[in-house]
Amino acid sequence: MPIFKPLLSKYKEFLPVGKNTPLITLGEGATPLVQSLNIGPSLGCKNLYFKLEGCNPTGSFKDRGMVLAVAKALEKDKKKIVCASTGNTSASASAYGARYGLEAIIIVPSVEIALGKIVQAMAYGAKIIAIEGNFDQALSIVRSIVEKMDIELVNSINPYRIEGQKTGSFEIIDEMGNNPDILCIPVGNAGNITAYWKGFKEYYEIGKSESLPKLMGFQASGSAPIVKGTKIENPQTLATAIRIGNPASWQGALKARDESNGLIDMVTDEEIIQSYLKLTREEGIFCEPASAASLAGLIKLVNDGEDISNKSVVCVLTGNGLKDPETVQKKSETKIETIDPNVEKIFELLDD
Ligand code: AN7
């Protein structure tokens, strides 16, 4: 008996999985929902939880959707997959591609891609093409490639990606026994907020939850097309995962916001970094900067007067902090002292 039930088997009845769909797995899903020990109480909220999506096999939530997109590519007998990426989608596509014998072609911005993500794609042996441009330009190139080549597109404009990612909502409800009141989530290309909303609605319709959560999506202020209501030609943020100026699932995000009576707002890079450091220092949780936009957004809501004292809140922490070692080196206040291997000197240092 396997201990781990693969995501595609576990949620088969809710997914477009047929008798010819291979139930592949790399161990995705079943990520921890960890209760906040310190930040929640400091915000006056007893029921704040973090969904640690960085515990997925390639270190981000992308694996939930990638497993299904790749299963469907295999079902269709495709030999190649392609994606544009700010890093995590490409790491995930490269891993599943390597495991299941598909050539993975990834198109990424040549700068501002976190080191851990690009080395993942290198390790898994993907074909990596870096463009002197941003994610939006990479995605438009990928759309042209798939028109001319027999290759499966595995960005979230592939509906199977959204289908797979909606399992995040299922897991939260399965574990909590009901829906949370509020879900906070970072927004980049807007696939994930679209997927979460779909998942919550599907579970609600079959009576798995009493109601529906409010979805609170957060963009980085230098990359906030949805908040500003206009495409951003040259998006900027140190949360490079969400440096996206023209989200493919823009409409899905608006629908999630409006149907859930939620909101999509923006947080500054400074707010993102403060939350990112807070999660490590106060909770022992190391997520990547983009992920901390969910907590930064929640803190902003509370500062603006939202009363969450009797609410259950989940912040989705979408990716692992190890993805982006350079940001920690720049932003952590911890300094490393190098000394002679001498015990007396060590005692002197510890006395400070
Ligand atoms: C850690 O990998 O777009 O709103 O190409 O890596 O569904 O795009 C990554 C996005 C949040 C935003 N957190 O999710 C890519 C890519 C992390 C991410 C998002 C991303 P979407």
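You'll find the structure just up there.
Residues numbered from 1 in each chain as written. Predicted model: local features only at pLDDT ≥ 70, side-chain atom pairs only at ≥ 80, totals over all residues. Heavy atoms only, no water.

(A) Structural detail: the overall build of the protein chain. If you tally the helices and strands in the protein chain, you get 15 helices and 10 strands. A compact globule built from 352 residues should have a C-alpha radius of gyration of about 20 Å, and the protein chain, at 20 Å, falls within 12% of that. Viewed in the frame of its principal axes, the protein chain has a C-alpha envelope of about 65 × 50 × 50 Å. For the protein chain, the residues scored as buried account for 55% of the 352 residues in total. When contacts within the protein chain are restricted to residue pairs at least 6 apart in sequence, those whose partners lie at least 24 apart make up 72%. Within the structure as shown, the protein chain displays about 15400 Å² of accessible surface, and the carbon and sulfur contribution to it stands at 51%. (Helix = DSSP H or I, 4+ residues; strand = E, 2+ residues; numbered from the N terminus. Rg over C-alpha atoms; globule rule 2.2 N^0.38 Å. Buried < 20%, exposed > 50% of the residue type's maximum accessible area, 1.4 Å probe, protein only. Contact = heavy atoms within 4.5 Å. Areas by Shrake-Rupley, 256 points an atom, 1.4 Å probe, with all protein chains shown as cover.)

(B) Local environment of the environment of A239. Its place among the elements puts A239 in the loop between α10 (225-228) and α11 (250-259). Separated by 19 residues in the primary sequence, A239 and A220 place their C-alpha atoms 7.3 Å from one another. Those residues in contact with A239 that sit more than four places away from it in its chain are I272, P289 and A290.

(C) Examining the sheet that holds strand β3 (residues 80-84) more closely. Strand order in the open sheet formed by 4 strands is β5-β4-β3-β6, and the pairing between neighbours is parallel. The open sheet is flanked by β5 (127-131) and β6 (152-153), the only strands paired with a single partner. The sheet contact formed by strand β4 (residues 103-109) and β5 spans 5 bridges and is parallel. Paired with V108 across the two strands is A130, which belongs to β5. Those strands touched by helix α4 (residues 88-100) are β3 and β4, and its axis lies near 170° from that of β3. (Pairing = 2+ DSSP bridges. Axes fitted to C-alpha atoms, helices over the stretch in contact; angles between N-to-C directions.)

(D) Spatial organisation of the site of the ligand. If you check the shell around the ligand, you find 21 residues, and the closest are N88, T89, N189, A190 and T318. Note that an oxygen atom of the ligand is positioned 2.7 Å from one of the side-chain N or O atoms of N88. In this structure, G191 approaches the ligand through a main-chain N or O atom, which is 3.2 Å from an oxygen atom. Against a free-state accessible area of 470 Å², the protein chains account for coverage of 99% of the ligand. Of all the secondary-structure elements, those providing two or more residues to the shell around the ligand are α4 and α9 (191-205). Residues of the shell around the ligand, tallied by class, amount to 7 nonpolar, 12 polar and 2 charged. (Near = heavy atom within 4 Å. Polar contact = N/O pair within 3.5 Å; in protein donor to acceptor, adjacent residues only side chain to side chain. Nonpolar A, V, L, I, M, F, W, Y, C, P; charged D, E, K, R; others polar.)

(E) Structural view of the pattern of salt bridges. Tallying each qualifying case throughout the model produces 19 salt bridges. For K76, the salt bridge goes to E152, with nearest N and O atoms at 2.7 Å. A residue pair is termed long-range when its members are at least 10 positions apart, and K76 in the loop between α3 (62-75) and β3 and E152 in strand β6 qualify at 76 residues. Ionic pairing is found between E163 and K166, a salt bridge with its closest N-O pair at 2.5 Å. (Salt bridge = Lys/Arg side-chain N within 4 Å of Asp/Glu carboxyl O.)

(F) Expanded view of the sheet that holds strand β2 (residues 47-52). Pairing is mixed across the open sheet formed by 6 strands, whose spatial order is β1-β2-β10-β7-β8-β9. For this open sheet the edge positions go to β1 (33-35) and β9 (263-267), each flanked by a neighbour on one side alone. For this sheet, the mean inter-axis angle between neighbouring strands, taken without regard to orientation, is 25°. In the sheet, strand β8 (residues 214-220) pairs with β9 via 5 bridges, with the strands oriented parallel. Bridge assignment links Q219 to a residue of β9, and that residue is M266.

(G) Spotlight on unusual backbone geometry. In this structure, A30 is a non-glycine residue whose phi angle is positive, near 50°. Structurally, the position occupied by A30 is in the loop between α1 (7-10) and β1. For A30, a relative accessible area of 53% gives the class exposed. In this structure, D77 is a non-glycine residue whose phi angle is positive, near 65°. For D77, the location among the structural elements is in the loop between α3 and β3. Since its relative accessible area comes to 53%, D77 is described here as exposed.

(H) Region of interest: the side chain of S275. Mapped onto the elements, S275 comes out in helix α12 (residues 269-283). You can call S275 buried: its relative accessible area is 2%. Looking at S275, its side chain comes within polar contact range of the main-chain nitrogen of A296, at 3.3 Å. Here S275 is in contact with A292, L295, A296 and I299, once residues within four sequence places are set aside.

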